[in-house]
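Okay, here's what each chain looks like letter by letter:
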Amino acid sequence: KQWYQRRVRVMVVLAMYTANLAAFLTVTKMTTGISKIEDLLTQDRYKWGTVKDTHPEVALANSIREDFKDIIRRQDAVLTTDEGFARVLQQEYAFIYESPIYEYMKRKFCSLEKVGVGEFLNFDY
C-alpha cells in the first residue's frame, strides 16, 4: 500500500510541474512587447524588414501615414522570403509580409508567431 501511495504522489507532482512548465512557456512566448506594427519604432530589441521591392514595401513606403513610411526607412530589408523567415527563426527579427505566406510557413515552423490582430494593410488581388 505504501508503494502505491508514493507513486501517486510522484505522478501528481509530475503532472503539476508539466502544467506549470507549459503555462510558463506559453506566457514567455507571448511577451514580445509588440502588439502592432507601429510598436517596432519604439523598441530596440528586434530588427525588422520586408522583401525589397515587393508589394508590402511599396505600400508602406507610399502610405499617407508617416509611421508606416518610417518603418520602411528604418528597416533591415531582405532579398527573399526565405531569408526573411530564416532571420525570424535564427535572430530577433520581425518579418513584415503577407498573411498567406505566413500561414504556409507556420505549418512548416510551429514556433513562428504572428503579432497583432487584424490587418494593417488590406491588399485585394
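That block above? That's the structure.
Chains are numbered independently. Their residues run from 1 in the order of the written sequence. Given that the model is predicted, a residue must reach a pLDDT of at least 70 before its local features are reported, and side-chain atom pairs must reach 80 or more before they are shown or counted; all residues, however, enter totals for whole chains, interfaces and linings. Based on all heavy atoms of the structure, the side-chain values leave hydrogens and waters out of the count.

Let's shift gears to helix H4 (residues 81-90). Whether a residue is buried, partly exposed or exposed follows from its accessible area with a 1.4 Å probe, protein chains only, as a fraction of its type maximum: under 20%, in between, or over 50%, in that order. By the criteria applied, helices consist of DSSP H or I runs no shorter than four residues and strands consist of E runs no shorter than two, each listed in order from the N terminus. Taken together, the buried positions of H4 are occupied by Gly 84, Phe 85 and Arg 87. Projected down its long axis, H4 carries its buried residues within an arc of 155°, all on one side. Among the exposed residues of H4, those oriented more than 90 degrees off its buried face are Asp 82 and Gln 90. Tucked inside the fold, the buried residues of H4 contact strand S2 (93-95) and helix H5 (99-108). Working definition: the arc comes from the directions between the helix axis and the C-beta atoms, pointing outward to the latter. Pairs of residues are marked as contacts when any of their non-hydrogen atoms sit within 4.5 Å.

What follows covers the environment of Asp 67. Here Asp 67 shows up in helix H3 (residues 66-73). Relative accessible area serves as the criterion here: at 23%, Asp 67 is assigned to the partly exposed category. Along the primary structure Asp 67 and Leu 40 are separated by 27 residues, whereas in three dimensions their C-alpha atoms are 9.9 Å apart. Setting aside residues no more than four positions away along its own chain, Asp 67 makes contact with Glu 38 and Leu 41. Think of a polar contact as two N or O atoms within 3.5 Å of one another; within protein, one of them needs to be a possible hydrogen donor and the other a possible acceptor, and neighboring residues in sequence only count if both atoms come from side chains. At 2.7 Å, the side chain of Asp 67 and the side chain of Arg 65 are in polar contact.

Before going further, it helps to examine the pattern of salt bridges. By convention in these notes, a salt bridge is any Lys or Arg side-chain nitrogen within 4 Å of a carboxyl oxygen on Asp or Glu. Tallied over the entire structure, the rule returns 12 salt bridges. A salt bridge links Glu 66 to Lys 69; the shortest N-O distance between them is 3.6 Å. With a gap of 3 residues between them, Glu 66 and Lys 69 both fall in helix H3, about one helical turn apart. A salt bridge links Arg 73 to Asp 70; the shortest N-O distance between them is 3.8 Å. Within this pair, Arg 73 and its partner Asp 70 are both found in helix H3, separated by 3 residues, close to a single helical turn.

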